[in-house]
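# Summary of the model geometry
Residue-level listing of the chains:
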Amino acid sequence: MDNTTTATQALRAGRATPGSIAPGEEPGPHDGSGSGGPGSQSATTTTTARRSRPRLSADGPLVRIGGPLVVLAMVLGVWYFISYVVLEPSRRFLMPAPHVVITEGFMGDNLPAMLDALERTTVVALTGLAIAFVIGVVWAILMSQETWAERSLFPYAVVLQCIPILALVPLIGFWFGFGFTARVFVCVLIALFPIVSNTLFGLKSVDPGLRRLFRLHHAGRLTVLRKLEAPAALPALFEGLRVAAGLSVVGAIVGDFFFKQGDPGIGILIDTYRARLQSPELFASILLASLLGVAVFLAFGLLSRKVVGRWYNAEDQR
C-alpha cells in the first residue's frame, strides 16, 4: 500500500523517472533508454571506438609519399605486363621493359648527347618564359587600369590561346627562320595566356574596402598599384607562372620538332630516335623531357612558397 501511494504521488507531481514501475506492471526487457542499462553501455562503447579509431591524414607522410609510390609501382607493373605478356618478342621494341630503358637508354652511349640536348631545350624554355612573363605582366597591368583597355586587349589574349601552333609553323619559320629564335617564339605564344589571365585576376581581386581606404587617403594610381594591387596579385601571378613554366617546356619541345636548324634540342633527338626505331633511347628521351617539365613546375612552386608563403597559404583559401 505504501509503495502504491508513493508511485501515485510521483506521477501526479510529474517526477516519475524512466526506471519507475507503475503498479501492476511487470518489469520487461530493458530497451536501452535507461541511463545505466547494457544498451546504453554498448552505444557508449561503440561511440568511443569510433572516435578513437585512427584516421589517415591526407597531409601525412604515408599519403604524400606512399600514395605516389603505390601509383608508380602500379604503372611499372602494367608496363612490364604489356612488354612481356601482351607484346610478342618480335614486337617488344614497341615498348621495352623499364630496366631495358635504364640500361640501354640512360646508361648507354647516347646519354651525353641527350643531356646536351636537354640543356639546350631548357635554355629555350626559360628564355621564352622570361619574355612571356614580361609581356604578360605589362599586358595585365594595362588591362587592370581601365575597363576599356581590358575589353579591347583581353580578346586578343584569348585568340592567342586558341590559335593552333601547328597552323603558325610556316609563318613563324618565314619570319624568324628555323632556329633558336623560332623555338623561343613558340614558347612565348604557349606560355603567355596563363600569365596574363592570372595576373589580371589577381590585380582585380583586391578587397573593395582597401581600395576605398586608399582612395580616402588620395593615393595616386601608381601608389595603389605598387602598395595594394601588386602584393595582392602575387599569389595568382605565381600560380600562372608555374603553369606557364610547364607549358614553356612543351613549347620548346614542339619547336624542336619543326625548327631543326642549329644545335638539336631534346625534341629533335626524340624525332631522330623514332625514325631509327631506337626504342630504349626514345623512351629515355621522353622521360628526360617529362622530368624537365616536372622540375620546372616544382621549382616555380618552391619559389612561390618562398616569396608569398609567409603570408599566404593556398590551403587556407579552399
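Remember, predicted model here, so these are calculated numbers, not experimental data.

Rules behind the numbers
- Throughout, residues of each chain are indexed from 1 in the direction in which the sequence is written.
- A pLDDT threshold of at least 70 governs which residues receive local features in this predicted model, and a stricter bar of 80 or more applies before side-chain atom pairs are shown or counted, although totals over entire chains, interfaces and linings include all residues.
- As a rule here, side-chain values cover all heavy atoms of the structure and leave hydrogens and water aside.
- What counts as a salt bridge is simple: a side-chain nitrogen of Lys or Arg found within 4 Å of a carboxyl oxygen of Asp or Glu.
- Comment: elements are numbered from the N terminus, with helices defined as DSSP H or I runs of at least four residues and strands as E runs of at least two.
- Per-residue accessibility, obtained with a 1.4 Å probe over protein chains only, is compared with the maximum for each type, and a residue is labelled buried under 20%, exposed over 50%, and partly exposed between these values.
- Only residues whose relative accessible area exceeds 30% and that take part in no salt bridge are eligible for patches, with like-charged residues grouped when within 9 Å of each other and nonpolar side chains (Val, Leu, Ile, Met, Phe, Trp, Tyr) grouped when within 5 Å.
- Only the protein chains shown count as cover for residues, with accessible areas throughout obtained via the Shrake-Rupley method and a probe of 1.4 Å.
- The span expected for a helix works out to 1.5 Å for each residue beyond the first.
- Bend at a given residue is defined as the angle between two axes, one fitted to the seven residues that end at that position and one fitted to the seven that begin there.
- Aromatic rings from Phe, Tyr and Trp, taking only the six-membered ring of Trp, are treated as a pair when their centres fall within 6.5 Å; an angle between ring planes under 30 degrees marks them as stacked, one over 60 as edge-to-face, and anything in between as tilted.
- A contact between two residues is defined here by any heavy atoms of the two lying within 4.5 Å.
- The definition of a polar contact used here is a pair of N or O atoms within 3.5 Å, where within protein one atom must be able to donate a hydrogen and the other to accept one, and adjacent residues in sequence count solely through side-chain atom pairs.
- What we call a nonpolar core is a set of buried Ala, Val, Leu, Ile, Met, Phe, Trp, Tyr and Cys residues that are connected through their side-chain atoms within 4.5 Å.
- Scored between 0 and 100, pLDDT is the confidence that the predictor attaches to each residue.

### Things to note about the pattern of salt bridges
- On inspection of all chains with the given rule, the structure shows 4 salt bridges.
- Salt-bridge contacts for Glu 150 lead to Lys 204; the nearest nitrogen and oxygen are separated by 3.4 Å. Here Glu 150 is found in helix α7 (residues 147-162), whereas its partner Lys 204 is found in helix α9 (residues 180-204), with 54 residues between them in sequence.
- Glu 150 sits in the partly exposed class, given a relative accessible area of 21%.

### Notes on a nonpolar patch on the surface
- A cluster of nonpolar side chains, contributed by Ile 65, Leu 69, Leu 72, Leu 76, Tyr 80, Phe 81, Tyr 84, Val 85 and Val 86, occupies part of the molecular surface with about 840 Å² of accessible area.
- By secondary structure assignment, the location of Val 85 is in helix α4 (residues 66-86).

### Considerations on helix α11 (residues 221-258)
- The end-to-end C-alpha separation of α11 is 45 Å, well short of the 56 Å expected for 38 residues at 1.5 Å each.
- Along α11, the largest kink reaches about 45° and is centred on Leu 234; proline Pro 235 follows within four residues of it.

### Considerations on the packing of aromatic side chains
- Counted by the stated rule, this structure contains 6 aromatic pairs.
- On the numbers, 5.8 Å between centres and 45° between planes, the contact of Phe 178 with Phe 259 is tilted. Here Phe 178 is found in the loop between α8 (165-176) and α9, whereas its partner Phe 259 is found in the loop between α11 and α12 (266-276), with 81 residues between them in sequence.
- Judged by its relative accessible area of 35%, Phe 178 is partly exposed.
- By relative accessible area, Phe 259 is classed as buried at 1%.
- Feature note: the residues Trp 175, Phe 176 and Phe 185 constitute an aromatic cluster, connected by ring pairs.

### Things to note about the environment of Met 143
- Structurally, the position occupied by Met 143 is in helix α6 (residues 111-145).
- For the pair Met 143 and Lys 204, spaced 61 residues apart in the sequence, the C-alpha separation amounts to 9.7 Å.
- Setting aside chain neighbours within four positions, we find Met 143 in contact with Ala 149, Glu 150, Leu 153, Phe 154, Val 196 and Leu 200.

### Observations concerning the side chain of Arg 183
- You can see Arg 183 is positioned in helix α9.
- In this structure the side chain of Arg 183 is engaged in a polar contact, spanning 3.0 Å, whose partner is the backbone oxygen of Phe 259.
- Setting aside residues no more than four positions away along its own chain, Arg 183 makes contact with Val 124, Gly 255, Asp 256, Phe 259, Lys 260, Gln 261, Gly 262, Asp 263, Gly 265 and Ile 268.

### Some remarks on the nonpolar core
- Residues Leu 129 and Ile 195 are the most contacted members of the largest nonpolar core, which totals 46 residues.
- Those elements that place two or more of their residues in this core are α6, α9, α11, α12 and α13 (279-308).
- Per-element tally for this core: the top contributor is α6, with 11 residues.
- The residues touching Ile 195, leaving out its near neighbours within four places in the chain, are Leu 129, Ala 132, Phe 133, Gly 136, Val 137, Leu 237, Gly 240, Leu 241 and Ala 244.
- Listed in part, the 8 residues of the second largest apolar core include Val 169, Ile 172, Ala 182 and Phe 259.

### Digging into the confidence of the model for the protein chain
- Averaged over every residue, the pLDDT of the protein chain is 79; the share at 70 or more is 78%.
- The least confident element of the protein chain, judged by mean pLDDT, is helix α1 (residues 2-13) at 48; the most confident is α6 at 92.
- Here residues 13-37 is modelled with pLDDT under 50, and outside its nearest four sequence neighbours on either side it reaches 11 contacts, counting other chains as well.

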